[in-house]
Amino acid sequence: MNKHLLLLLLASYSVLTTFAQGPAAAADILIPKPTKIEAGEGYFTWTPGTEISIPKNARDLVAHSQLLKAFWGTNTPPAATSNRINLKLDSKFPSSEGYRLSISASGIDLTAATPAGLFYGIQSLLQLATAGRESNTLTKIAAAVIQDQPRFGYRGMHLDVSRHFFPVAFIKEYLDMLATYKFNYFHWHLTDDQGWRIEIKRYPKLQQVAAWREETLQGHARNQPARYDGRAYGGFYTQSEVREIVKYAQERYITIIPEIEMPGHSVAVLAAYPELACTDGPFKVATKWGVFEDVFCPKEETFTFLENVLSEVIALFPGKYIHIGGDECPKTRWKESSLAQAVMKTNNLADEDELQSYFIRRIEAFLQSKGKRLMGWDEILEGGLAPNATVMSWRGIQGGIDAARQGHDVVMTPTQYCYFDYYQADNALEPLAIGGMLPIEKVYSYEPIPAELTPQESRHILGAQGNVWTEYIADPADVQYMAYARMMALSEVVWSDPTQKEFRGFAQRLAPQLNHWQQQGINVANRLFDLSCSSRGLPSGGIEVTLKNPIGNGEIRYELDGRDPKPNSPLYQEAMLLEESALLRATTFVDGKQVAPVAWMDIYHHLGIGAKLSLSQAPANRYLSLAPNALLNGVRGRNNRFDDQEWIGFDQGHNLVALIDMGTSKPLQYLQLRFFHQPGAWIYAPKQIEVYWAEDEAGQQISGPVRMDINSPLDQVATVRVPLPKTTRFLRILVPNAGQIPAGQPGAGNGAWLFVDEIEIH
Ligand code: TNX
C-alpha cells in the first residue's frame, strides 16, 4: 500500500475513534453513583458563552449559576446561544435533596424541589464537565437523563483540628470536597487535650493558654522512649473566621456540627482554668496523644463555664446539633474527689457512670433550652442516655444498635469502616498512621444499617460519617492523602442505592476522579493498584498464594527469589500453589509501567502448614476468624507493626493453648514461635512456653513438656526456638499471657496482650 494512503487511513481512523468515543458517559464518571442514568444520543457542548437561566427571585440560585460560571473562570455576560442550562425549582419533585438532570445536544434542564437538590445536580454537572473538558473553550457532556436522590439524610465527614490545626483556607477546601461528593454535615472537632481551637470571648485564657502546647510528640505514641520536637504549637479560629466558615458551608448546603469535648479530653481547658478540675493542678496542654485522667470536675463552676462557652458556640452555629464529645472519660479523679462523690450522693447516683450521665443530661437540658440538640459519642449511653440525645456509634456498631432500640437517633461511624486515620495500604512507603487497616474497598463495603435492627428501629439510623483524627496527620497534604479517596467511597455508602453498589465499577469511576484531583495539585491517595497478598496453608502441605489489587486491572507480575518484578517477570493469573519457601515480590504494571509499590511476602515452608489447629482459648474478637489460618500459613507478621493480617492477639488473661494435628507422625527437630513485644501498646512477650507431644489422639499418650523461659526481649519481636527432636503427630503448645502490666509502664495494672504470628514446625 502507498505509504501516504496508509498514513491518511490511520489519521482518519483516529479521528473517527475519537469522535465515536465522544465525552465520557455519566455512568463512567459520577461519584456517588446516581440512582438512575439513561444514556442519550450525542452531547451538549458547554462554552464560555453558554447561557445559564435561573428562575427570577431565587437568590440562592444566583450563587448556583455563579458556581457554574466559575467553572470557566469568567463572569462575562452570556452571549445569545441556543445551548442553555436551565435551572428549575419544582415543588412537586418527589425528593427534597434529589434532582433530575436532562442533558441533550440542545440544552440542559436541571430540576429539583429545593435549592439543595439543584446544588447536587450542579455537582454532578461539574463532575461531568471536568471529565469532558478538552480545552479552555470547549467542554462536551454526553447526553443522558439522570435521576438522583440520596439514601441517607446524614452524610458526614469529621475533622480533628485540635491535635493538628488547619488554616481557614484548608477548611474551605475540605468543605468544597465534601460538597463535590454530596456530603451535608461537617463535624468540626474543635477541642481536645492537645489544644482549644475556637475563640470564646468570655474566657481569654482559652486563646492565650489552652490553644497552645509546649511541644509535640514525634513518632508513634507507642514508641519508647518518647521523643518531642521542642517547638511550641497551636492556634485557634477567631469568631469572625468561624462565621466566615459557617457561611461558606451554608452556601454548599453543609451543616457544621461543632464539637466541644466534655467531661473528658479537656486537659487543655484545665491548663487555662485549673479551678475546673477535681485536683489542684497545675495542668499543661497535652503534648502527646492518648486518654488523660484529668477531666472536668462536676462542680457548679464547671457547668457555669460550659454553659457560657456553649452560649457563644450556639450563637455562631445555626445548625440544630451541638456535639459535646462524652468519649473516653476516665473516672479516676471523680472516684477520688470528695466533691464529685458529694454530687453523686445528693443526686442519688449509683456510680461514676451515672455521674457522667448526670453531667451530660444537665448539658442537654441547657442545649435544649436554647433550641439545640445534643450529639455525643457512644459512651454517653453508659449510665443512661440523656432523653433526646443523638448517638455517634464509634466503638463498633453496638452503641448504635442500643441507642436505636431505645428510640434515639444514631450516626454510624464505627472504627472498622469509618476511621480514615487508619492505614489504607500495606506497603512500607505509607506515612505513619495511628494503626489499624482500612483499605478503600472496606470503606466501600460498609452497610450503615445494622442487620440486628428491625425496619422500625433502623429508621433511627440517620446515616454515617468518616472521621479524620489528626494525631498523625500534621498538615493539609496529609489530610488530602488520608481522607479524600476514602471519603469518595463513603459518599457512595451514604448516598447511593445499596442494591447497585459494586466495588469494581466504583474503582473504575474513581480512577478519573483521582486523576483530576492530582492534576489540581491535590495529594489524593491512589492505592487502586496496590497489591494485597494472602496465603493459606492447604491440607496437602502446600501454600496457596493469592494476589489482587482493588481495581482488578493491570498486569500483576512477580518474582519468587526476592528480586523486584520487571515488566517481563512472570504474569500472575490465578492463585499459585507453592511447595517451598519463597521471597515473593509482586506489583502491578499498566502498559509496561509500574503503578504501585512492590508488595512483598516472605514465605517460610514448614511441617505444620495445613495442619489442623484448635485453640482452646479464643483470641480477641478481631482475630477470631483470622487465627486458624494465620498461625499456620507460612507467613510471619511484620517486625514493626502488630496490626497486619498475620499477628494474632489474645487480650488480658487469655493464653495461647494450641493443639496441632499434623495428620501423620512426622520426625521433628524444633519449633519456632515469635511474640510481639511493645510495652507502649500493652503488648508483652510471654515469660515461658511449654510444649507437649503425642503420637496419637489419646490424651494419656501425651509426653512432655519441654519448657522454655523467655527473657524479656530487647527487640520488638521475641523469637523462641524450642528443640524437639521427636517423632510425633500431635503437638500441644501452652503459652501463658504475661499477666498484669507492671507499675510504671503504660497501662499499668491492666492485663497484658499476647501476640503471636506463626507456629513454625521443623
Ligand atoms: C478515639 S473516636 C478517640 C479520639 C482519637 C481516636 C484515634 C473518639 C470518640 N475518641 O480521641 O483521636 O480514637 O483513632
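A quick note: this is a predicted structure, and the numbers were derived from the prediction, not measured.

A. Representation of the packing of aromatic side chains within the structure. Taken as a whole, this structure holds 34 aromatic pairs when the rule is applied. With 4.5 Å between their ring centres and 55° between their planes, Tyr203 and Phe305 make a pair best called tilted. You can see Tyr203 sitting in the loop between strand S11 (195–196) and helix H5 (204–210) and its partner Phe305 sitting in helix H8 (residues 300–316), a full 102 residues away along the chain. Classification of Tyr203 by relative accessible area gives buried; the value is 13%.

B. View of the state of the cysteines. A full pass over the atoms with the stated rule returns one disulfide. Here Cys278 is linked by a disulfide to Cys297, with a sulfur-sulfur distance of 2.0 Å. Measuring the twist about the S-S bond at about 90°, one finds the Cys278-Cys297 disulfide to be right-handed. Of this pair, Cys278 sits in the loop between helix H7 (267–272) and H8 while Cys297 sits in the loop between H7 and H8, and the two are 19 residues apart along the sequence.

C. View of the site of the ligand. Neighbouring the ligand are Arg163, His265, Asp327, Glu328, Trp377, Trp394, Tyr419, Asp421, Ile434, Trp469 and Glu471. In this structure, an oxygen atom belonging to the ligand sits 2.6 Å away from a side-chain N or O atom of Glu471. When isolated, the ligand has an accessible area of 360 Å², and the protein chains bury 93% of it. When its residues are assigned to classes, the shell around the ligand shows five nonpolar, one polar and five charged.

D. Inspection of the sheet that holds strand S25 (residues 576–578) at higher detail. An order of S22-S23-S25 is seen for the three strands of this open sheet, with the pairing classed as antiparallel. This sheet does not close on itself; its edge strands, each paired only once, are strand S22 (532–537) and S25. Here the strands of the sheet are splayed against their neighbours by 30° on average, with no regard to which way each runs. Sheet topology places S22 next to strand S23 (residues 543–548); six bridges connect them, and they run antiparallel.

E. Examining the side chain of Glu261 more closely. Mapped onto the elements, Glu261 comes out in strand S16 (residues 255–262). The side chain of Glu261 sits in the buried core without any salt bridge; Arg163 is the nearest counter-charge, 6.3 Å away. Residues contacting Glu261, with those up to four places away along its chain left out, are His189, Thr191, Asp192, Ser266, Phe296, Ile324, Gly325, Gly326, Asp327 and Trp377.

F. Representation of the sheet that holds strand S31 (residues 656–667). Strand order in the open sheet formed by five strands is S29-S31-S36-S33-S34, and the pairing between neighbours is antiparallel. Looking at the sheet topology across the chains shown, the edges are occupied by strand S29 (612–615) and strand S34 (703–709). Recorded for the sheet is a direction-independent mean angle of 20° between the axes of neighbouring strands. Judged from the five bridges that link them, strand S33 (residues 688–694) and S34 form a sheet pairing that is antiparallel. Across the sheet, residue Glu690 finds its bridge partner in S34, namely Arg707.

G. Structural context of the pattern of salt bridges. Throughout the structure, instances matching the rule amount to 36 salt bridges. A salt bridge links Glu430 to Arg527, with the nearest nitrogen and oxygen atoms 3.8 Å apart. With Glu430 in the loop between helix H13 (415–418) and helix H14 (440–444) and Arg527 in the loop between helix H17 (503–519) and S22, this residue pair connects regions lying 97 residues apart in the sequence. The pair formed by Glu430 and Arg527 is uniform in burial state, with each residue classed as buried. Across the salt bridge formed by Arg636 and Glu760, the nearest N and O atoms sit 2.7 Å from each other. Of this pair, Arg636 sits in the loop between helix H18 (627–630) and strand S30 (648–650) while Glu760 sits in strand S37 (residues 754–761); the two residues are 124 residues apart in sequence, bridging distant segments of the chain. When its relative accessible area of 2% is taken as the criterion, Glu760 is described as buried. A cluster of three or more residues bridged by salt bridges with shared partners is formed by Asp160, Arg163, Asp192 and Glu471.

H. Representation of the environment of Arg459. Note on placement: Arg459 falls in the loop between helix H15 (455–458) and strand S21 (461–466). Each C-alpha atom, one on Arg459 and one on Gly407, is 9.4 Å from the other, the two residues being 52 residues apart in sequence. In terms of polar contacts, Arg459 uses its side chain to reach the side chain of Gln456, at 3.1 Å.

I. Main features of the environment of Ile449. By the element assignment, Ile449 lies in the loop between H14 and H15. Once the C-alpha coordinates of Ile449 and Ile401 are considered, the two residues, 48 residues apart in sequence, prove to be 9.1 Å apart. Every residue in contact with Ile449, bar those within four places of it in the chain, is listed here: Arg151, Phe152, Ser458 and Ile461.

J. Spatial organisation of the confidence of the model for the chain. Scored by pLDDT, the chain has a mean of 91; 94% of the residues are at 70 or more. Across residues 1–20 the pLDDT falls below 50, and counting only partners more than four positions away or on other chains, this stretch makes three contacts in the model. The low-confidence segment residues 73–80, where pLDDT is below 50, has seven contacts with residues more than four positions distant or belonging to other chains.

K. Layout of the side chain of Ser496. Assignment of secondary structure puts Ser496 in the loop between helix H16 (476–495) and H17. Residue Ser496 is classed as buried on the basis of its relative accessible area, which comes to 3%. A distance of 2.9 Å separates the side chain of Ser496 from the backbone oxygen of Lys33, its partner in a polar contact. Residues within four places of Ser496 in sequence aside, it is in contact with Pro32, Lys33, Arg151 and Ser491.

L. Helix H11 (residues 352–369), seen in detail. In this model, H11 (18 residues) spans 26 Å end to end at C-alpha, consistent with the 26 Å of a helix rising 1.5 Å per residue. When we look at burial in H11, the residues that qualify are Glu352, Leu355, Gln356, Ser357, Tyr358, Phe359, Ile360, Ile363, Glu364, Phe366 and Leu367. Buried residues belonging to H11 abut S16, H8, strand S17 (321–325), helix H9 (332–336), helix H10 (338–346) and strand S18 (373–377).

Scoring rules and cut-offs
- Residues numbered from 1 in each chain as written.
- Predicted model: local features only at pLDDT ≥ 70, side-chain atom pairs only at ≥ 80, totals over all residues.
- Heavy atoms only, no water.
- Phe/Tyr/Trp six-rings, centres within 6.5 Å; stacked < 30°, edge-to-face > 60°.
- Helix = DSSP H or I, 4+ residues; strand = E, 2+ residues; numbered from the N terminus.
- Buried < 20%, exposed > 50% of the residue type's maximum accessible area, 1.4 Å probe, protein only.
- Disulfide = S-S within 2.5 Å.
- Near = heavy atom within 4 Å.
- Polar contact = N/O pair within 3.5 Å; in protein donor to acceptor, adjacent residues only side chain to side chain.
- Areas by Shrake-Rupley, 256 points an atom, 1.4 Å probe, with all protein chains shown as cover.
- Nonpolar A, V, L, I, M, F, W, Y, C, P; charged D, E, K, R; others polar.
- Pairing = 2+ DSSP bridges.
- Axes fitted to C-alpha atoms, helices over the stretch in contact; angles between N-to-C directions.
- Lys, Arg positive; Asp, Glu negative; His and termini not counted.
- Salt bridge = Lys/Arg side-chain N within 4 Å of Asp/Glu carboxyl O.
- Contact = heavy atoms within 4.5 Å.
- pLDDT = per-residue confidence, 0-100.
- Expected span 1.5 Å × (residues − 1).

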